[in-house]
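These are the residues of each chain, in order.
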Amino acid sequence: MEQRTYTTQDGTTVIVLTPTGRLDITTAWQFRLKLQECISKLSRHVVVNLGQVNFIDSSGLTSLVAGMRDAEKVKGSFRICNVHPEAKLVFEVTMMDSVFEIFETEEEALEGVPRGIAS
């Protein structure tokens, strides 16, 4: 899993996580721990780039929801971007596409982060 740090124009630090492959029962726990670590130690603002994740199951969705809740608890932001077409269907069927802030590109997700601070 790739992890990068991005700083917005106003100086906000954002962690960009890019998991690869499957986000399922075998990988979701590790991903969940990584989200917790990033939010608690590095930045309360996280962007998850799902461009390289071609499969998500319920445990993968649960780890994303938990990450979103962790970010909300510390008044941060949690955004998802670049959802792989095969994974997008899971978000639509479960109606999670209305729960998460989902952006087409990583750039759009990063540009939107400062607005999340104000709300």
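Residues numbered from 1 in each chain as written. Predicted model: local features only at pLDDT ≥ 70, side-chain atom pairs only at ≥ 80, totals over all residues. Heavy atoms only, no water.

The protein has the name Anti-sigma factor antagonist in an unreviewed UniProt entry, where Trichocoleus desertorum GB2-A4 is given as its organism. Taken verbatim from the UniProt record of the protein, the Sequence similarities (unreviewed entry) comment is "Belongs to the anti-sigma-factor antagonist family." (UniProt positions renumbered as here; feature names shortened; annotations may be inferred.)

Participant: Outline the nonpolar core, listing residues and values.
Facilitator: Core analysis: the biggest nonpolar cluster contains 24 residues, and Leu50, Leu64, Phe78, Phe91 and Phe100 have the highest contact counts within it. Looking at this core, the elements that each hand over two or more residues are β2 (13-18), α1 (28-42), β4 (45-49), β5 (53-56), α2 (58-73), β6 (77-81) and α3 (85-93). Considering every element that reaches this core, the biggest residue donor is α2, with five residues. Ranked by size, the runner-up nonpolar core spans seven residues in total, among them Val14, Val16, Phe103 and Leu110. (Core = buried A, V, L, I, M, F, W, Y, C linked by side-chain atoms within 4.5 Å. Buried < 20%, exposed > 50% of the residue type's maximum accessible area, 1.4 Å probe, protein only. Helix = DSSP H or I, 4+ residues; strand = E, 2+ residues; numbered from the N terminus.)

Participant: Residues and numbers for the environment of Asn82, please.
Facilitator: Along the polypeptide, Asn82 turns up in the loop between β6 and α3. Beyond its immediate chain neighbours, meaning those up to four positions away, Asn82 contacts Asn49, Leu50, Gly51, Phe103 and Glu104. Side-chain polar atoms of Asn82 contact the side chain of Asn49, separated by 3.1 Å. (Contact = heavy atoms within 4.5 Å. Polar contact = N/O pair within 3.5 Å; in protein donor to acceptor, adjacent residues only side chain to side chain.)

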